Amino acid sequence: MVKRISDGIYKLGNKLVTVNSTPGETFFGEKIIKKKGVEYRVWDPRRSKIAAAILKGIKLPVDKDSVVLYLGAASGQTCSFLSDVVKKIYAVEIAPRVFRELYLLAKKRKNILPILADASKPESYKEFVPKVDFVFQDVAARNQLQIFLDNCRMFLKKNGYGMVAVKSRSIDVTKSPRKVFDEFEKGLKKELKVVSKVRLEPFEKDHMVFLVTKKR
Amino acid sequence: MGEYEEFMQRAKEALLQSQNLDSWVVNLAELIEELDKSFNLLYERLRELYGIYNPELLEKDLNKEKFLKEVKKLKKSEIGYNLSEEDLDFILDLVKELESLLSLRKKTEEYLAKVVKENYPNLYSTAGALITAKLIGAAGSLKELARKPSSTIQVYGAEKALFRHKKTGAKPPKYGYILQHPFVMSKPPKERGKAAKELAAKISLAARKDYYGKENK
């Protein structure tokens, strides 16, 4: 039974899947399910915070026409699933070691545009990246709020959405997660409107995902 | 050229720039550390195994090479457990592996020294190969190292103590990786702080010379 979650994202039984845009080819050892001639890739919520957020009930505001800015793409695992769903992804990653893998992935999937840059310095890639429909951030840095706000201000369309995964332990290990999340939300609200939020338990510990829009 | 091709081209250039000799040298130094760690782990196990057969050998204060040599003689002691031929063959196999680890470590060290001497001649003559590699690793690249003040270079490798100092006001560290340098190590403890300061100053000069200058000093 294939159940549609949103554009390009489905549920097969209890598994979250996307339609493989490069049939016959997988990138991270993810499982493949074939059904009625369509090849689906299984999206593991333990290895992707977006997948975890979707399974926890967040509605991902993207479709096949969306242009996405992805901050903290790492080796591109989550990116590869988004690339099954959306039109184009600008993927920013700072570490050369994992960027190598992202580059090789982008070679196979031409809707991923890799950028080796520091997301805390959006000026450095401002000239190549246009306004986007969706900004996603997963950087686990102390100043991730500032990074997210800066990028949203610079790149997010007026009616666009932003999503940010917060790992309370990389902001302050000594504070309780709830306190960290509350403070983060306060910071977000200064410039953006929080649409929904969800904790990622049991897939990730002490993580929270916020979905936001620009204030109108 | 389309947008995709432009991004790929830029990404490729950035990647090529990020992968340079610096990371090669840093990884060689890491390899040496890991070889040491693996050797020590397996060596300890060999001592335990062989000690069943000849406990007396453990009591003697032998260095690693000598100990391996003694083990190869397979001399049983009177209080040892009587192992069979097959058991002893197994011991010899393990000794062989350990000897090859030792020789690989030696080779790696010589090779690292050669690479560092050729490419960072001034750092090589002030800090030595291994410390040079570690400092480059801590700074991220030679370029970054050349831009660091010597007070930073002095405490690279002592980050834990440094941040403890900043956070709680505990005593600041006097030296990090550069403690391993004979110039610092050979001093009595009271003078090591000063020696480290002096050496760090020279290292920072050498790093600048190696990065910005061309010829040897």
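This is a predicted model, so every value here is computed, not measured.

Peer 1: Would you take a moment to explain the overall build of chain B for this structure?
Peer 2: Assigned secondary structure in chain B consists of 12 helices and 0 strands. Taking 17 Å as the expected radius of gyration for a compact globule of 217 residues, we find that chain B reaches 23 Å, considerably beyond that expectation. Along the longest, intermediate and shortest principal axes, the C-alpha atoms of chain B span 70 × 60 × 40 Å. For chain B, with 217 residues in total, the buried portion stands at 25%. By sequence separation, contacts in chain B at least 24 residues apart represent 56% of the contacts at least 6 residues apart.

Peer 1: What's the story with helix α12 (residues 189-212) of chain B in this structure? I'm lost.
Peer 2: Residues spaced three or four apart along an α-helix face the same direction, because each turn holds 3.6 residues. Residues and elements named next belong to chain B. The terminal C-alpha atoms of α12 lie 35 Å apart, and with 24 residues this matches the ideal 34 Å at 1.5 Å per residue to within 8%. Buried within α12 are the following residues: Ala195, Ala196, Leu199, Ala200, Ile203, Ser204, Ala206, Ala207 and Asp210. Looking at the packing, one finds that the buried side of α12 touches α6 (121-127), α7 (129-139), α8 (142-146), α9 (150-155) and α11 (182-185).

Peer 1: It is not clear to me how the interface of chain B and chain A should be interpreted in this structure. Could you clarify?
Peer 2: How big an interface is tends to be stated in terms of the accessible area lost upon association of its parts. In this assembly, 8 residues from chain B lie in contact with 10 residues from chain A. The residue makeup of the side of chain B that touches chain A, split by class, is 6 nonpolar, 2 polar and no charged.

Peer 1: Looking at this structure, how should I read the sheet that holds strand β4 (residues 32-35) of chain A?
Peer 2: All names here are of chain A. The antiparallel open sheet is built from 5 strands, whose spatial order is β1-β2-β3-β5-β4. Only two strands of the sheet have a single neighbouring strand rather than two, namely β1 (2-6) and β4. This sheet shows a mean twist of 40 degrees between the axes of neighbouring strands, independent of strand direction. Where β4 and strand β5 (residues 38-42) come together, 4 bridges link them in antiparallel fashion. Opposite lysine 34, over in β5, you have glutamate 39 as the bridge partner. Across the sheet, helix α2 (residues 77-85) lies against β2 (9-12), β3 (15-19) and β5, angled at about 60 degrees from β3, the strand it touches most.

Peer 1: Which parts of the structure should I look at to understand the packing of helix α5 (residues 85-119) of chain B against α7 of chain B?
Peer 2: For any two helices packed against each other, the geometry is given by the interaxial angle and the distance between the axes. Residues and elements named next belong to chain B. Contact geometry of α5 with α7 gives a least axis separation of 9 Å together with a crossing angle of 70 degrees. In this view, α5 runs roughly perpendicular relative to α7, as classed from their interaxial angle. Of α7, the residues touching α5 (which contributes Leu112, Ala113 and Val116) are Ala129, Leu130, Thr132 and Ala133. Class assignment of the residues belonging to the contact of α5 with α7 gives a composition of 6 nonpolar, 1 polar and no charged.

Peer 1: So what exactly am I meant to see when it comes to the environment of tyrosine 53 of chain B here?
Peer 2: All names here are of chain B. Its location among the elements puts tyrosine 53 in helix α2 (residues 21-53). Here tyrosine 53 falls in the partly exposed class, since 19 other C-beta atoms lie within 10 Å of it. Every residue in contact with tyrosine 53, bar those within four places of it in the chain, is listed here: Lys76, Gly80, Tyr81 and Leu83.

Peer 1: What should I look at first to understand the domain arrangement of chain B in this one?
Peer 2: Residues and elements named next belong to chain B. Its domain assignment divides chain B into domain 1 (21-119) and domain 2 (120-217). Of note, the centres of domain 1 and domain 2, computed from C-alpha atoms alone, are 31 Å apart. Each partner contributes residues to the interface: domain 1 has 11 residues there, and domain 2 has 12 residues. Of all elements in the fold, only α2 and α5 reach the threshold of two or more residues within the side of domain 1 that touches domain 2. The element best represented in the side of domain 1 that touches domain 2 is α2, accounting for 6 residues.

Rules used throughout
- Residues numbered from 1 in each chain as written.
- Chains lettered and ligands numbered in written order.
- Predicted model: local features only at pLDDT ≥ 70, side-chain atom pairs only at ≥ 80, totals over all residues.
- Helix = DSSP H or I, 4+ residues; strand = E, 2+ residues; numbered from the N terminus.
- Rg over C-alpha atoms; globule rule 2.2 N^0.38 Å.
- Buried ≥ 20, exposed ≤ 12 C-beta atoms within 10 Å, placed from the backbone.
- Contact = placed C-beta atoms within 7 Å.
- Expected span 1.5 Å × (residues − 1).
- Nonpolar A, V, L, I, M, F, W, Y, C, P; charged D, E, K, R; others polar.
- Pairing = 2+ DSSP bridges.
- Axes fitted to C-alpha atoms, helices over the stretch in contact; angles between N-to-C directions.
- Parallel < 35°, antiparallel > 145°, perpendicular 65-115°, else oblique.
- Domains from an automatic or database assignment.

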